[in-house]
Amino acid sequence: DENSSITIELLSPRFHSTAYDVKSLSSGDSLKDQVEELEKNLIIQTLQETKGNILRAAKKLKLSRPGLHKKLTRYKIDPKPM
């Protein structure tokens, strides 16, 4: 049914500008892989918006500072060049 589809226009504007391609869901990656890729892209985008300020990025993402540090380590993201 056409009315039951979620389109990019229905999502928060924050998701409109992410580098994440929703169409890539059919790429064969697992849900876990897709969620991790989305999370990584949102972290990178937020760090760019905050010019690499980890505390401000953590607040925007509603994460603790140590929680964001763990994710930066897990995804091998260096906030310095942001």
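Note that the structure is a prediction, hence the values are computed from the model and not measured.

Trainee: Now, about the environment of S64: what can you tell me, with residues and values included?
Mentor: With respect to the element layout, S64 can be found in the loop between α3 (54-61) and α4 (65-74). The exposure class of S64 is partly exposed, given its relative accessible area of 43%. A C-alpha to C-alpha distance of 9.9 Å links S64 and I54, two positions 10 residues apart in sequence. In terms of polar contacts, S64 uses its side chain to reach the backbone amide nitrogen of G67, at 2.9 Å.

Trainee: Which residues make up the nonpolar core, and what values go with them?
Mentor: Judged by nonpolar contacts, I43, L47, I54, A57, A58, L68, L72, Y75 and I77 together constitute the single largest core of nine residues. Of all the secondary-structure elements, those providing two or more residues to this core are α2 (31-49), α3 and α4. Top contributing element to this core by residue count: α3, with three residues. Not counting residues within four places of it along the chain, the set of residues in contact with L72 comprises I43, L47, I54, I77 and P79.

Trainee: How would you summarise α2 if you had to cite specific residues and measurements?
Mentor: Over its 19 residues, α2 extends 27 Å from the first C-alpha to the last, a length consistent with the 27 Å expected when each residue adds 1.5 Å. Those residues of α2 lying buried are Q34, N41, L42, I43, Q45, T46 and L47.

Trainee: I'd like to hear about the packing of α3 against α4, residue by residue, with values.
Mentor: One way to put it is that α3 packs onto α4 with a least axis distance of 9 Å and a crossing angle of 100°. By the angle between their directions, the pair α3 and α4 is classed as roughly perpendicular. Across from I54, L55, A57, A58 and L61 in α3, the residues of α4 making contact are R65, L68, H69 and L72. For the contact of α3 with α4, the residue count by class is seven nonpolar, one polar and one charged.

Trainee: Lay out the pattern of salt bridges with the relevant residues and their values.
Mentor: Applying the stated criterion across every chain, the model contains four salt bridges. Between E39 and R74 there is a salt bridge whose closest N-O contact spans 3.7 Å. Here E39 is found in helix α2, whereas its partner R74 is found in helix α4, with 35 residues between them in sequence. Residue classification places E39 among the partly exposed positions, given a relative accessible area of 24%. Put simply, E49 and K60 hold a salt bridge, and the shortest N to O gap is 2.7 Å. Of this pair, E49 sits in helix α2 while K60 sits in helix α3, and the two are 11 residues apart along the sequence. With a relative accessible area of 36%, E49 lands in the partly exposed category. Take K60: its relative accessible area is 40%, and that puts it in the partly exposed class.

Parameters and conventions
- Residues numbered from 1 in each chain as written.
- Predicted model: local features only at pLDDT ≥ 70, side-chain atom pairs only at ≥ 80, totals over all residues.
- Heavy atoms only, no water.
- Helix = DSSP H or I, 4+ residues; strand = E, 2+ residues; numbered from the N terminus.
- Buried < 20%, exposed > 50% of the residue type's maximum accessible area, 1.4 Å probe, protein only.
- Polar contact = N/O pair within 3.5 Å; in protein donor to acceptor, adjacent residues only side chain to side chain.
- Core = buried A, V, L, I, M, F, W, Y, C linked by side-chain atoms within 4.5 Å.
- Contact = heavy atoms within 4.5 Å.
- Expected span 1.5 Å × (residues − 1).
- Axes fitted to C-alpha atoms, helices over the stretch in contact; angles between N-to-C directions.
- Parallel < 35°, antiparallel > 145°, perpendicular 65-115°, else oblique.
- Nonpolar A, V, L, I, M, F, W, Y, C, P; charged D, E, K, R; others polar.
- Salt bridge = Lys/Arg side-chain N within 4 Å of Asp/Glu carboxyl O.

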